[in-house]
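# Fold and geometry: a report
This is what each chain is made of:
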Amino acid sequence: LPVCCGYSLLEMVVMRMLRCETVTRTVLATSASSDCDSLEMLAQRYGCDVVRGDEEDVLGRFLMVCKAYDPTCVVRVNADNPFVSPVETDKLVAYFYGGDYD
């Protein structure tokens, strides 16, 4: 459902995350329900990977992404925040890598 300039909230978030310079992969973790097939198609249209799991277990889907891709750093972004900033996300990632954090 378009909310701004013909884009859905999820689409706006995906487009913003793809503008990050420090984020090398964007993965949509969504439900395995057929209701989310259109979300998978949208993500794939933008070149995002998709992991699908239990609709009621958001953390479980997050863990599935971590197990599937074994990232060194994860930036978790929720689709209900269309104003996530690629510039600020890059600053956050740079700060993380600049420190001695777990």
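Overview of the structure.

Calculation rules
Residues numbered from 1 in each chain as written. Predicted model: local features only at pLDDT ≥ 70, side-chain atom pairs only at ≥ 80, totals over all residues. Heavy atoms only, no water. Salt bridge = Lys/Arg side-chain N within 4 Å of Asp/Glu carboxyl O. Helix = DSSP H or I, 4+ residues; strand = E, 2+ residues; numbered from the N terminus. Phe/Tyr/Trp six-rings, centres within 6.5 Å; stacked < 30°, edge-to-face > 60°. Buried < 20%, exposed > 50% of the residue type's maximum accessible area, 1.4 Å probe, protein only.

Under the counting rule described, the total for this entry stands at 5 salt bridges. Note that Arg45 is salt-bridged to Glu11, the shortest N-O span being 3.4 Å. Here the residue Arg45 occupies a position in helix α2 (residues 37-45), and Glu11 occupies one in helix α1 (residues 9-18), the gap between them amounting to 34 residues. For the salt bridge of Arg25 with Asp49, the shortest nitrogen-to-oxygen distance reads 3.4 Å. Of this pair, Arg25 sits in the loop between α1 and β1 (27-31) while Asp49 sits in strand β2 (residues 49-53); the two residues are 24 residues apart in sequence, bridging distant segments of the chain.

What follows covers the packing of aromatic side chains. Enumeration according to the criterion identifies 1 aromatic pair in this entry. Ring centres of Phe96 and Tyr97 lie 5.4 Å apart, and the angle between their planes is 70°; this geometry places the pair in the edge-to-face category. Given a relative accessible area of 24%, Phe96 falls into the partly exposed group. For Tyr97, a relative accessible area of 48% puts it in the partly exposed group.

This is a description of form; function is not addressed.
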